[in-house]
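Chains, contacts and geometry: an overview
As a plain string of letters, each chain reads:
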Amino acid sequence: MREKDFVAGKYSASVIDGKVTYKSPSNIALVKYWGKKDNQVPANPSVSFTLDSCATTTSLTYSKLEEPGKDFSFELLFEGKPKPDFKPKIQTFFTRISNYLPFLKSYHFVIETSNSFPHSSGIASSASGMSALALCLMYIENQLDPAMEEDYFNAKASFLARLGSGSAARSIKGPIMQWGHHQDTEGSSDFYAINYPYKVHEVFNNYQDTILLVDKGQKQVSSTVGHNLMHGHPFAEQRFKQAHDNLSKLQRIFAEGDLPNFIKVVESEALTLHAMMMSSLPYFMLMKPNTLEIINKIWEFRAESKSHLCFTLDAGANVHVLYPESEKDLVLQFIKDELVAYCENGQYLCDQIGNGAVEI
Ligand code: DP6
């Protein structure tokens with residue numbers, strides 16, 4: 001599908017009012033999206049594990065206005081209370097998607113949203129939040145166009161979610177999602193994510209992600225600012241090429257279940273992401289001393305136990321510990337004995353690879 005396929009045609013049905021709820025998960029990138037072109041087009045392709053229990057639940061109540069408004073009409077409730085600080089982000093999102101959803105100014109919306117993970121855990125909720133809202137809006141479009149096919153519904157939900165937050169494009173489905181065009185992945189697109197289409201070894205079934213909450217505070221630099229600093233970054237071209245190369249390497253690694261090389265790609269991606277931040281102008285650092293303590297402990301434990309745990313990072317100080325389900329008891333014991341001490345208030349979240357959003 002191309003971008004113009006997402007511009008809506010004439011709707012065949014009419015819809016007065018209703019309510020829809022979606023629960024959409026977060027995701028953790030293995031090959032990272034860092035750097036973008038105009039209109040949320042990624043500078044390089046990325047691939048992620050969709051998570052299972054870290055999720056946002058969003059309900060959208062919609063009622064048709066007597067005539068279309070000049071601007072968007074919406075209220076926003078976060079965990080039951082009005083949340084004015086989230087409104088500008090939604091306003092920007094609606095502005096970006098209104099060409100593709102021409103009904104947006106014809107309804108009043110009440111958006112009610114809540115997260116499964118603790119408030120201010122330092123876990124980004126933009127992927128789960130934007131994908132949940134995109135799905136609710138696609139539900140309305142599907143009411144207006146009942147003949148819509150499921151593949152189109154999912155691709156357009158991902159396309160819209162991307163315009164809210166790039167990584168949200170990868171939260172619609174699971175367990176492994178790829179977003180961004182790559183020459184070795186048929187059907188891959190810069191405009192929406194697809195299910196990773198090739199063989200995946202069973203060792204990745206139910207892959208575990210334990211998220212160590214190192215720093216629950218607000219980040220000093222947002223992802224959006226960080227992405228922009230890749231424009232004119234001295235290492236940008238090499239980095240984008242490396243992401244393509246890592247995706248090519250992952251094809252064989254996924255097919256064969258080659259965990260030693262999986263670990264190399266995933267940890268290198270995480271450290272390169274943060275190296276890009278540290279070598280931007282202005283430079284910045286999101287890792288904290290405890291992030292480094294944890295990484296070193298993981299390396300020590302892996303060397304002595306021959307376990308296959310590895311770490312990855314998103315744009316923050318928290319550490320995602322990834323490992324096969326068969327090593328769950330061993331790794332969780334290690335986390336409790338050695339890593340919890342580096343977590344803020346000893347907090348961590350146990351999650352695993354999941355299958356994407358659901359309507360509830
Ligand atoms: C480091 O998707 O949050 O987590 O498109 O500006 O909303 P925007 O950025 P965002 O960036 C995520 C960056 C990352 C890597 C990744 O998820 O691929």
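What you see is a predicted model, and the numbers here were worked out from it, not measured in a lab.

Scanning the protein from terminus to terminus reveals eight helices and 14 strands. A compact globule built from 360 residues should have a C-alpha radius of gyration of about 21 Å, and the protein, at 20 Å, falls within 12% of that. Taken over the C-alpha atoms alone, the protein extends approximately 70 × 45 × 40 Å along its principal axes. Expressed as a percentage of its 360 residues, the buried residues of the protein come to 54%. For the protein, long-range pairs separated by at least 24 residues make up 76% of all intrachain contacts whose partners lie at least 6 apart in sequence. For the protein, the exposed area adds up to about 15900 Å²; of that, 50% sits on carbon and sulfur atoms.

The biggest cluster of nonpolar side chains holds 44 residues, and the ones touching the most others in it are Leu60, Phe94, Ile97, Leu104, Phe109 and Leu137. Elements supplying a minimum of two residues to this core: strand E1 (17-31), strand E4 (46-64), strand E5 (73-78), helix H1 (87-97), strand E7 (107-115), helix H2 (126-144) and helix H3 (150-164). At ten residues, the largest contribution of residues to this core is made by H2. With residues near it in sequence (within four places) discarded, Phe94 still touches Phe72, Phe74, Leu104, Phe109, Ile111, Leu133 and Leu137. Among the nonpolar cores identified, the runner-up in size contains 29 residues, and Leu30, Phe49, Leu213 and Val266 belong to it.

The angle between the axes and the distance between the axes are what describe a pair of packed helices. Relative to each other, H2 and H3 sit at 135°, their axes nearing to 8 Å. Between H2 and H3, the crossing angle belongs to the class labelled oblique. Viewed along their axes, H2 and H3 form a crossing whose handedness is right-handed. Across the interface between the two elements, Met130, Ser131, Ala134, Leu135, Met138, Tyr139, Glu141 and Asn142 of H2 pack against Phe153, Lys156, Ala157, Leu160, Ala161 and Gly164 of H3. Classifying every residue of the contact of H2 with H3 by side-chain character gives nine nonpolar, three polar and two charged.

Glancing now at the state of the cysteines. This structure, assessed with the given rule, holds zero disulfides. Free cysteine Cys310: the closest other cysteine sulfur is in Cys350, separated by 16 Å. On the accessibility criterion, Cys310 (0% relative accessible area) is buried. Free of any disulfide, Cys350 has its nearest neighbouring cysteine sulfur in Cys54, separated by 9.8 Å. Residue Cys350 is classed as partly exposed on the basis of its relative accessible area of 46%.

Taken together, 17 residues are adjacent to the ligand, and Tyr33, Lys36, Ser165, Gly166 and Ser167 come closest. At 2.6 Å from an oxygen atom of the ligand is found a side-chain nitrogen or oxygen belonging to Tyr33. Here Gln40 contributes a side-chain N or O atom positioned 3.2 Å from an oxygen atom of the ligand. Among the elements that make up the shell around the ligand, the one with the highest residue count is helix H4 (residues 223-228) (three residues). Class assignment for the residues of the shell around the ligand results in five nonpolar, eight polar and four charged. A domain-level breakdown of the shell around the ligand finds at least three residues from each of domain 1 (9-198) and domain 2 (206-352).

For the protein, the domain assignment lists domain 1 (9-198) and domain 2 (206-352). Averaged C-alpha coordinates put domain 1 and domain 2 at centres separated by 25 Å. At the junction of the two partners, domain 1 supplies 34 residues and domain 2 supplies 42 residues. For the pair domain 1 and domain 2, the summed buried area comes to about 3200 Å², and 66% of that belongs to carbon and sulfur atoms. If you sort the residues of domain 1 by the area they bury against domain 2, Lys32, Trp34 and Lys36 come out on top, with a joint share of 26%. Taken together, the links from domain 1 to domain 2 amount to 14 residue pairs in polar contact (both at pLDDT 80 or more). Secondary-structure elements contributing two or more residues to the side of domain 1 that touches domain 2 are E1, E4 and strand E8 (176-179). The element contributing the most residues to the side of domain 1 that touches domain 2 is E4, with eight residues. Its residues assigned to classes, the side of domain 1 that touches domain 2 shows 18 nonpolar, twelve polar and four charged.

Analysis parameters
- Residues numbered from 1 in each chain as written.
- Predicted model: local features only at pLDDT ≥ 70, side-chain atom pairs only at ≥ 80, totals over all residues.
- Heavy atoms only, no water.
- Helix = DSSP H or I, 4+ residues; strand = E, 2+ residues; numbered from the N terminus.
- Rg over C-alpha atoms; globule rule 2.2 N^0.38 Å.
- Buried < 20%, exposed > 50% of the residue type's maximum accessible area, 1.4 Å probe, protein only.
- Contact = heavy atoms within 4.5 Å.
- Areas by Shrake-Rupley, 256 points an atom, 1.4 Å probe, with all protein chains shown as cover.
- Core = buried A, V, L, I, M, F, W, Y, C linked by side-chain atoms within 4.5 Å.
- Axes fitted to C-alpha atoms, helices over the stretch in contact; angles between N-to-C directions.
- Parallel < 35°, antiparallel > 145°, perpendicular 65-115°, else oblique.
- Left-handed = near helix turned anticlockwise from the far one by under 90°.
- Nonpolar A, V, L, I, M, F, W, Y, C, P; charged D, E, K, R; others polar.
- Disulfide = S-S within 2.5 Å.
- Near = heavy atom within 4 Å.
- Polar contact = N/O pair within 3.5 Å; in protein donor to acceptor, adjacent residues only side chain to side chain.
- Domains from an automatic or database assignment.
- Buried area = accessible area lost by both parts, 1.4 Å probe.

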